[in-house]
Amino acid sequence: MLVGLGMFFGVMCLVYWLWSKEQGGSVMMLAGMLLCFLPGSYYFWWSRRMRPRAEDDPKATQASGAGVIGTFPGTSIWPFTMGMGAFFVVLALVFGIWFLVPGIGLVGWALFGGTSEGRRGGKH
Amino acid sequence: MTDVLDPPVVHESHEPEHEEHHGPTGILKWMTSTDHKVIGMSYTITSVLMMVIGGIFAEIIRAQLTTPNNSLVSLAQYNELFTMHGSVMIYLFMGPFAFGALANIIVPIQIGAPDMAFPRLNALSYWLYLTGSITMLSGFFVAGGAANFGWVAYAPLSNSVNTPGAGADLWIGGLLLTGFSAIFTGVNLTATIFYLRAPGMTMFRMPIFTWNLLITAILILLAFPVLTAGLIMLYCDRHFGTHIFSVAGGGVPVLWQNIFWFWGHPEVYILALPIFGMVTEIIAVFSRKPVFGYKGMVFATLTIGALSLGVWAHHMFTTGVVLLPFFSIMSLLIAVPTGIKMFNWIGTMWRGQVWFSTAMLMAIGFLFTFLVGGITGIYLASPPLDFFTHDTYFVVAHFHSVVMALMMGAMGALYYWGPKMTGYLLNERIGKVQFWLLFIGTQVFTFPMYILGLRGMPRRIAIYPLHPSWQYLNGVASVGAMLIGLSTVAFLVNIAYSWKKYPAGDNPWDGHTLEWFTTSPPPHHNFYRLPQIRSERPTWDYNHPGHQAAAHGHLAEALIESDVNS
Amino acid sequence: MSRLALLPVAALALAGCVPTFGAAPGATTSSKSAFRLWQGFTVGAIIVGGITTVLIVWAVVFYRRRGDNIPRQSQYNLPLEWTYTIIPILVVLGLFVATMVVENKEEALPKTNVTIEVNAFQWGWQFIYPGKEVVVVGQTTQDPTMVMPVNENVHINLTSSDVLHGFYVRSFNFSRYALPGVLNQFTLRAVDVGTYHGQCTQLCGLYHSLMVFRVKVVSQSQYASWLSAHYNPKAANAAQAALNQQTSSIVPTTPYKSEGNN
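Position numbers for residues start from 1 in each chain and track the written sequence from start to end. Each chain gets a letter, beginning with A, and each ligand a number, beginning with 1, in the order they are written. Restriction of local features to residues with pLDDT of at least 70 applies here, the model being predicted, together with a cutoff of 80 or more for giving and counting side-chain atom pairs; totals for whole chains, interfaces and linings are based on all residues.

## Some thoughts on the overall build of chain C
Looking only at helices and strands, chain C features six helices and 10 strands. Burial is judged by counting other C-beta atoms within 10 Å of a residue's own C-beta: 20 or more means buried, 12 or fewer means exposed, and anything between counts as partly exposed, with every C-beta placed from the backbone. Residue burial in chain C is summarised as follows: out of 262 residues, 41% are buried. Each residue gets a C-beta atom placed from its backbone, and two residues are in contact if those atoms lie within 7 Å. If you take every contact in chain C between residues at least 6 apart in sequence, the share linking residues at least 24 apart comes to 72%. Comment: elements are numbered from the N terminus, with helices defined as DSSP H or I runs of at least four residues and strands as E runs of at least two.

## A few points about the interface of chain B and chain C
The interface of chain B with chain C comprises 80 residues on the first partner and 71 residues on the second. Among the secondary structure elements, those contributing two or more residues to the side of chain B that touches chain C are helix H3 (75–110), helix H7 (253–287), helix H8 (294–308), helix H9 (324–349), helix H10 (358–380), helix H11 (383–389), helix H13 (428–454) and helix H16 (555–565) of chain B. It is H9 of chain B that provides the largest number of residues to the side of chain B that touches chain C, a total of 14 residues.

## Observations concerning the sheet that holds strand S8 (residues 184–189) of chain C
Sheet strands pair by backbone hydrogen bonding; their relative direction is either parallel or antiparallel. Residue and element names in this part refer to chain C. On the basis of which strands lie adjacent, the open sheet formed by five strands has the order S3-S2-S1-S5-S8 and mixed pairing. Strands with a single pairing partner mark the edges of an open sheet, and in this sheet they are strand S3 (134–139) and S8. Sheet twist, expressed as the mean angle between neighbouring strand axes with direction ignored, is 20°. Bridge count between strand S1 (residues 114–121) and strand S5 (residues 153–160): seven bridges; the pairing is parallel. Considered in S5, the bridge of Val 118 is made with Leu 158. Any two strands with at least two DSSP bridges between them are considered paired. Under this scheme, a helix contributes an axis fitted over its contacting stretch, all axes are lines through C-alpha atoms, and angles between N-to-C directions fall in the 0 to 180 degree range.

## Brief notes about the domain arrangement of chain C
Residues and elements named next belong to chain C. In terms of domain boundaries, chain C breaks down into domain 1 (6–107) and domain 2 (114–254). Residue ranges assigned to the domains are those given by an automatic or database domain assignment. One C-alpha centre belongs to domain 1, the other to domain 2; they are set 37 Å apart. Contacts between the two partners involve eight residues from domain 1, matched on the other side by 13 residues from domain 2. A class-by-class count of the residues in the side of domain 1 that touches domain 2 yields four nonpolar, four polar and no charged. Charged residues are taken to be Asp, Glu, Lys and Arg, nonpolar residues to be Ala, Val, Leu, Ile, Met, Phe, Trp, Tyr, Cys and Pro, and polar residues to be all remaining types, Gly included.

## Let's talk about the pairing of S8 of chain C
All names here are of chain C. Summarising burial for S8: five of the six residues are buried, a large majority. Relative to S8, S5 runs antiparallel, the two sharing six bridges. Bridge assignment links Ile 156 to a residue of S8, and that residue is Phe 186.

## Considering the packing of helix H5 (residues 166–195) of chain B against helix H6 (residues 208–239) of chain B
Residues and elements named next belong to chain B. Direction vectors running N to C along H5 and H6 enclose 150°, while the axes themselves pass 8 Å from each other. Considering their axes alone, H5 and H6 lie roughly antiparallel with respect to each other. For the element pair H5 and H6, the recorded crossing hand is left-handed. Orientation categories follow fixed angle ranges, with anything under 35 degrees roughly parallel, anything over 145 roughly antiparallel, 65 to 115 roughly perpendicular, and all other angles oblique. Handedness of a crossing follows from how the near helix is turned relative to the far one, being left-handed for an anticlockwise turn of less than a right angle and right-handed for a clockwise one.

## Topic: the packing of helix H4 (residues 119–137) of chain B against H5 of chain B
Residue and element names in this part refer to chain B. At a minimum axis distance of 8 Å, the contact between H4 and H5 shows a crossing angle of 160°. Taken as axis vectors, H4 and H5 run roughly antiparallel relative to one another. For the pair H4 and H5, the sense of crossing is left-handed. Taking contact as the criterion, the partners of Leu 121, Asn 122, Leu 124, Ser 125, Leu 128, Tyr 129, Thr 131, Gly 132, Ser 133, Thr 135 and Met 136 in H4 are, on H5, Leu 170, Trp 171, Gly 173, Gly 174, Leu 175, Leu 177, Thr 178, Phe 180, Ser 181, Phe 184, Thr 185 and Asn 188. Residue classes in the contact of H4 with H5 are distributed as 11 nonpolar, 12 polar and no charged.

## Topic: the confidence of the model for chain C
Residues and elements named next belong to chain C. Each residue gets a pLDDT score, which is the predictor's confidence in that residue and runs from 0 to 100. With 88% of its residues at a pLDDT of 70 or more, chain C has an overall mean of 83. Counted against residues more than four places away or in other chains, residues 1–5, with its pLDDT under 50, gives three contacts. The ipTM for the predicted assembly is 0.88, set against a pTM of 0.88.

## Details of the environment of Val 102 of chain C
For Val 102 of chain C, the position within the fold is in helix H3 (residues 78–107). In sequence terms Val 102 of chain C and Leu 37 of chain C are 65 residues apart; their C-alpha atoms lie 7.5 Å from each other.

## Describing the nonpolar core
Residue and element names in this part refer to chain B. Connectivity within a nonpolar core runs through C-beta atoms within 7 Å, and the core itself is a set of buried Ala, Val, Leu, Ile, Met, Phe, Trp, Tyr and Cys residues. Ile 220, Ile 282, Ala 363 and Leu 406 are the most contacted members of the largest nonpolar core, which has 286 residues in total. When residues in this core are grouped by element, the largest group, 22 residues, is from H7. Not counting the four nearest positions on each side in its chain, Ile 220 is found in contact with Phe 99, Ala 182, Ile 183, Thr 185, Gly 186 and Ile 270.

This is the structure in structure tokens:
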């Protein structure tokens, strides 16, 4: 699907460029095409190598999906911390550079905290 | 397709079964939760609050326009008001509501997933959205007021010479935050839908709502980075002395419009596709039929998504510097998949058992209103017609028809999925009052604006002293806006009135999709058990064995059968 | 192209008995064809919208819930689905062809000897008549008036000295952005004498609401006498010099127009 979309944008980009000779739009369409090919080719590559998954099997029973799907943390303070950090970074753009100090501090702290929490598996 | 269903089996996850989740409560729960349902509720409440704020701005705007030379607000305040009305409604209400609020709650449950793929990223999205909203709105409290260059912020009006002051910077900052929030949500939704589907939930068994959200997520990933880049360029122009959008330094003002609308038109579909999905689900459930032309619907959505990235300059026809035929034909072509959707919706109701609950009324209201908005959109895709309606109230009326249709879809979705989220139904009688206020209000509000636009009233004007004849129609439109405001009041009253009054049960509407299989509200990690998934309507198939969707039919066959049946 | 041009001709034949649907009939040649396109679109919109409305109402009225039985679970009807895919495509292509015929007429830049340089600024308009040593300038409520002769191709060069503005005349069914750094060119051929209201349609700051002007279409002789009455070389040359400086770096035509329509 993504590869198809990417090809569509590729054709559109070519048509648009040849017809209009306008740079901005053509570059954005080119970028759109690449942005589709990037995950599209990744998924394509994986879909060739992965064993068939239960969710793509039209006859799968619920039992065939049994097992651990992944780790889902129940609670975590770090997104909030990082959100506040980003908030301060943006305020620095408006009100003064000194807002960057708490901003980058909070973001860094949250990055560190969130990563180590992820390593431990997180709270459920 | 077998009629026999295996008994439901326990859906294994790492969570111990049948055990309530114990975690922090109260404000700490809200702050730290990474559960997609809690985040989705936060999104819902915040975005509805934003809708109320944006609505108040709208009412002030309409009050100002009731007389030709009104001085209710000053010219400067008026510019701030409509800028923030547009910004709040588009960036802070419709968008986050469409792909943040209900998507967050419903998509994982519809595909049988325990949560979003990246719960912490999901929480971060919400915090960025909330802080972004606060940032943008705080513009009202700084010297010079909020941003006042329209929600499109056309350069060079948005540069530091023409709009100095912190309000504009707060607008840019708020948009940067909500932009990143949207991008993270896009990543999250894509990954969730690709990797966390329940066994048997193949791509072509996903409910239309989930399909639409997948395509929305891809559009977000394609469009929002462009906006973010544009905003950073705009900020650099304002503060670091670059001349990307200013003529003085060799820049090109129209480049901003190209960048903005390269995001801005897909954004229209980023708002609309989720609501299309909601309406599709509602119509199917309340007609007791499967979605008519399911695969056609999916391909129509894909086509809309693909075309939407090639039509941005139809907002710029009158700039004189865009390639008219290209954008004209691309924009006109979007009418085709949209028309397919419209006919599929009608086909879903056809020969069904249409139950006029509030949600269904809202969906039908959506159909009518969107029909008006869609057809007037075709006019605007034709450059000669765009030349004489561009930047007049005709355009304002067109997109208000569209967004008010989306608003009805959104309200319908709240009535439809609200019970799943909270466990309680809303009062149907107040709901119907709300629907009629909203529906009639919308038509009374938009139709005079179409005529005003044709009579030459430009948008974004606070006074029209030379045209007292416009007063009458403006007054009618203001009455319509008031009715819409009253409908919102009715909605809030309904929430207060129905507070924990009508327990919903697991499946109040005889729903089709997996979210109606679990409890209301769903447990932590969503499911105690899952049914066998053999179509896009697993819950329906489980509840009504022997009523699976009929296979591909042909027109003649269908006619003969209907004759036999009747 | 001649066969394709039949479409607007058909619309023209209809125009006699079709109402205006609220739009202005137009006072220039191209605005009249845009108006006929508008009528054609609206007739089509009423037909398509009417059919769809009837279908929705039909479904809502006749298939409302009447019991607890489950309807037939029909999901696909490929012939029907193809029908309502292909018909809209044909309709859209028809609309596109009609659009292109009118648009090419509107975008054409025929030879002319009347040129007006229109310069928009915050918050007013300046009209320079090059070679005639005439300039009209006015802000907000001073009603600057652009005088132009009837039945004559008038070539407009539109630009802006600060932010974006919109040159919009309702009776001409036409608007075009005034962009800083761009010289937008178009031709107006007025066929009806009269005074028309014009206004800036693109948000341009504080006094956007008041940025109005007038267009006065007069006979050839009145135009000549108006020009001589407003003969003011000093002011006109100064304005022209300022404008030249402002537009000196501009390439006067946009790339695709220069290929297509000259």
